[in-house]
Amino acid sequence: ALYLMENYMKKLSLKKVADEFFITESHLSRSFKKTTGFTFIEYLNSIRIKEARKLLKETRKSVLEISELTGFESQTHFGRVFKQMTGLSPLQYRKQPRL
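Described in the following lines is the structure provided in the data block. (Residues numbered from 1 in each chain as written. Predicted model: local features only at pLDDT ≥ 70, side-chain atom pairs only at ≥ 80, totals over all residues. Heavy atoms only, no water.)

A tally of helices and strands in the protein yields seven helices and zero strands. Along the protein, from the amino end to the carboxyl end, the secondary structure elements read α-α-α-α-α-α-α. C-alpha atoms of the protein, sized along the principal axes, occupy 45 × 25 × 20 Å. Taking all 99 residues of the protein together, 32% fall into the buried category. (Helix = DSSP H or I, 4+ residues; strand = E, 2+ residues; numbered from the N terminus. Buried < 20%, exposed > 50% of the residue type's maximum accessible area, 1.4 Å probe, protein only.)

Contact geometry for helix α4 (residues 40-58) and helix α6 (residues 75-86): axes closest at 10 Å, N-to-C directions at 90 degrees. In terms of orientation, α4 lies roughly perpendicular with respect to α6. On the side of α4, the interface is formed by Asn45, Ser46, Ile49, Ala52, Arg53 and Leu56, while α6 contributes Phe78, Val81, Phe82, Met85 and Thr86. Counted by class, the contact of α4 with α6 contains seven nonpolar, three polar and one charged residues. (Axes fitted to C-alpha atoms, helices over the stretch in contact; angles between N-to-C directions. Parallel < 35°, antiparallel > 145°, perpendicular 65-115°, else oblique. Contact = heavy atoms within 4.5 Å. Nonpolar A, V, L, I, M, F, W, Y, C, P; charged D, E, K, R; others polar.)

On to the environment of Pro97. Mapped onto the secondary structure, Pro97 falls in the segment after α7 (90-95). Owing to a relative accessible area of 67%, Pro97 belongs among the exposed residues under this scheme. Along the primary structure Pro97 and Lys57 are separated by 40 residues, whereas in three dimensions their C-alpha atoms are 9.7 Å apart.

The structure is reproduced here in structure tokens:
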């Protein structure tokens, strides 16, 4: 989990991380789910979206720039995952009044 927090902005895959730690993908997948309660992708996306939310509120960077900075392969995928996790599009989120 710490590895993902430190590397979320990179192109990561289950295979790439498993190779990094010299274990099989299935072992990483099972261990990850057992330890965190989340799948590898769910956890990685939650880290990325948390950082994206911060960038949307604290910077004037474009949605495209933020999607790239947080490791998403496309702005479309970023928008879809963001909306799935927050209920809002990135732009709707940015326009919300701060609480």
